[in-house]
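# Breakdown of the fold
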Amino acid sequence: MKKLFLIFFTALIAIAAFSENIAFLSTIDGKIIDGYAINYDELMGEYYNNIYNMLSQNQDSSDYDVYFNSVTNEYYTLEGLVDFLVIEKYISDSGKTLDKNALSEQALVEVQKYKANQNSWNSILSIFEKEEYFTEFMKGLVIKQTAVQLVRDDFETYDKDDFKSYLEANFNDIKNQYSQVQASHILVSTEASAVEIKKEIENGDISFEEAAKKYSIDSGSGKNGGDLDWFTKSQMVEEFGNAAFDAEVGIITEPVKSQYGYHLILVKDKKIYNTIEDIIDDSEVYNEVENNFKSYNLSKWFENYRKNYSFVIDSESLKLEQKIINSANIFNKLDLEKEYSEKINEESSEDFMIAYAGLADYAINFYNESVNDLKRYQEIKNNYGEYVSMDPDELENEINGISQDATGEEADKDSALKDLYYFKQVYSPDELENPENYLSDYQVNLNRVNDKRKEVLTKLYDLSGESLNVLIKLYNYYSDDPNVLFLYSSAYYNYLKSSLVSNDIGNNAVAEIKVLKDTFKQLSETEGLNPEYKQKALNIVNEISQIIRED
């Protein structure tokens, strides 16, 4: 009996280890459809893959805050996974077979191959964080590839008249996408230089290729005689692309000015699709356009089919994010903030608080702007009361009557009337009739949300393992709080301390550490500082004295 109980208990542990389902496919009215769910590990595997691709492919992502955008990104990732549940449902309803168990086994074989190479495996774990996340991602990848192909097979045949209509409707885009020229160029700094070089070539003193090698400041193509190979118009800056496509084959263009300098362009050949027949005659382009048409039909079909389904979320943070994203306007978001600010407590998850922090940002921006606007309106009302009763059209006439070069009192009046015109467009008559009442209400709400956001960010700082992202946001918003200032200064001090090599520190580092010493000394004497932080501040003051060798 004891042995049997142990086996049963072990089985329970194995079952409990499975990732919990976080979303379910449903009908439009919210009825869950059995057998179609997304588990947490699957969501996180897809999420980390998306984040990795976004950061590695986007050069402008260095300032992107992954932490505070995490719940938003998780939600959009979830929507994408639901789309594939819809595809799986279509496959099942069509009587086709999608053997997810067999496909999952294939994925596990691939996972084991990655694990066999420790370096590769370490790289994968640095992206996906957990083996479970990567494993579920690989399973999903193999299943999705097979599912998409099964659906795509239904669109291999098509109506020829529909394809012709597609070609006619999209001809200009197709023409611009596939038309190419083969050309060489010489790039120089001045128009005069370009003119002289063109004369040299036309006089037979030097060939175009030799001139490119000798004169072109485009070192990449210059060493190859100016050769740019084949290119489409959109691959080049506008001036260059237009000139190249307008040029005659074999005739050097006049100097063409672009942001890089002056170009001499020699077009060697062209592939221009002037008619639909030209596209049909080029089998390579035709096949690609045909595949695009099939994809277009598939996308159009899926867009309509997807409307038959929805999904149900079993996650408080993602439910909140869904409501935020689907909010029709800022006033919906303000209502949400009031509702969910009361739900934040010590038991709230990190993701839930991240979602709320974003919602609080919306609310604070609104209340802060409203407070400032209504204060400004009161100021205008006191100084330019005769204009307050005017409607927007009358105000616009008054504004147009003021010179754009106005200075002094006229410039102040212009600014006031423009602000008044804006307020008339944005605020209700009642808000402008009784600004004091609304101003008081907005200020109360601004203080309330500010306090709640500060509380949430402080909790997130602890939950995130003292994340620098959270600390910076705390400091940006609440640097006047001595406890926040202490945390920020401590992090900066630790950064400076970790960069020191023995006693060899530069003058700048010494100066910064001395400033920090003064900051910690002042903090230790500040009444509002947490007692624990006070003692730490004093300890740091003593430590800094030793580092910079002060008696």
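Going by the structure above, here's the rest.
The model shown is predicted, which means the values in this text are computed figures rather than measured ones. (Residues numbered from 1 in each chain as written. Predicted model: local features only at pLDDT ≥ 70, side-chain atom pairs only at ≥ 80, totals over all residues. Heavy atoms only, no water.)

## Overview of unusual backbone geometry
Excluding glycine, residues mostly have negative phi values, and the peptide bonds linking residues are mostly trans. This is how it is decided: The way it works is that DSSP assigns letters per residue, a run of H or I at least four long becomes a helix, a run of E at least two long becomes a strand, and they are numbered from the N terminus. Exposure categories follow from relative accessible area, calculated using a 1.4 Å probe and restricted to protein chains: below 20% of the type maximum is buried, above 50% is exposed, and the middle band is partly exposed.
Phi angles above zero are rare outside glycine, and Glu-129 is one such case at about 75°. Relative to the elements of secondary structure, Glu-129 occurs in the loop between α5 (118-128) and α6 (131-152). Relative accessible area serves as the criterion here: at 52%, Glu-129 is assigned to the exposed category. Of note in this structure, Glu-466 is not a glycine but carries a positive phi near 60°. Along the chain, the position of Glu-466 falls in the loop between α21 (435-463) and α22 (468-478).

## Considering the nonpolar core
Counted only if it meets this: By convention a nonpolar core is built from buried Ala, Val, Leu, Ile, Met, Phe, Trp, Tyr and Cys residues, the set being connected through side-chain atoms within 4.5 Å. Two residues form a contact once any of their heavy atoms are found within 4.5 Å.
Core analysis: the biggest nonpolar cluster contains 111 residues, and Ile-38, Leu-78, Leu-460, Phe-486 and Phe-520 have the highest contact counts within it. Here this core takes 16 residues from helix α17 (residues 350-383), the largest share from any one element. The contact partners of Leu-460, leaving out residues within four places of it in the chain, are Tyr-67, Phe-68, Glu-350, Met-353, Ile-354 and Val-470.

## Details of the packing of helix α3 (residues 70-93) against α6
Heads up, the condition is: Fitted lines through C-alpha atoms give the axes, limited to the stretch in contact for helices. The angle between two N-to-C directions lies from 0 to 180 degrees. Should an angle fall under 35 degrees it is taken as roughly parallel, and over 145 as roughly antiparallel, whereas 65 to 115 is taken as roughly perpendicular and any remaining angle as oblique. Each crossing is labelled by how the near helix is turned from the far one, with a counterclockwise turn of less than a right angle marking it left-handed and a clockwise turn marking it right-handed. As a working rule, the residues Ala, Val, Leu, Ile, Met, Phe, Trp, Tyr, Cys and Pro are called nonpolar, Asp, Glu, Lys and Arg charged, and the rest polar, with Gly in that last group.
Taken N-terminus to C-terminus, the directions of α3 and α6 make an angle of 50°; their axes are 10 Å apart at the nearest point. In terms of their interaxial angle, α3 and α6 are classed as oblique. Handedness of the crossing formed by α3 with α6: left-handed. Residues Leu-81, Phe-84, Ile-87, Glu-88, Tyr-90 and Ile-91 of α3 form the contact with α6, whose participating residues are Ile-143, Lys-144, Ala-147, Val-148, Leu-150 and Val-151. Across the contact of α3 with α6, the residue classes tally to ten nonpolar, no polar and two charged.

## Some thoughts on the environment of Gly-220
Structurally, the position occupied by Gly-220 is in helix α11 (residues 219-222). Counting along the chain gives twelve residues from Gly-220 to Thr-232, while the straight-line C-alpha distance between them is 19 Å.

## Details of the pattern of salt bridges
Counted only if it meets this: Just to be clear on terms, a salt bridge is a Lys or Arg side-chain nitrogen sitting within 4 Å of an Asp or Glu carboxyl oxygen.
By the definition in use, this model includes 27 salt bridges. For Glu-202, the salt bridge is made with Lys-198, and the minimal N-O distance between the two is 2.7 Å. One end of the pair is Glu-202 and the other is Lys-198, both in helix α9 (residues 191-202) and four residues apart, which spans about a single turn. What makes Glu-202 exposed here is its relative accessible area of 52%. Since its relative accessible area comes to 10%, Lys-198 is described here as buried. Here the salt bridges share partners, and the residues they tie into one network are Glu-346, Lys-452, Glu-455 and Lys-459.

## Let's talk about the environment of Ile-344
Structurally, the position occupied by Ile-344 is in the loop between α16 (330-341) and α17. Judged by its relative accessible area of 7%, Ile-344 falls in the buried class. For the pair formed by Ile-344 and Glu-455, sequence separation is 111 residues and the distance between their alpha carbons is 9.7 Å. Not counting chain neighbours up to four residues away, the residues in contact with Ile-344 comprise Phe-352, Met-353, Tyr-356, Lys-452, Glu-455, Val-456 and Lys-459.

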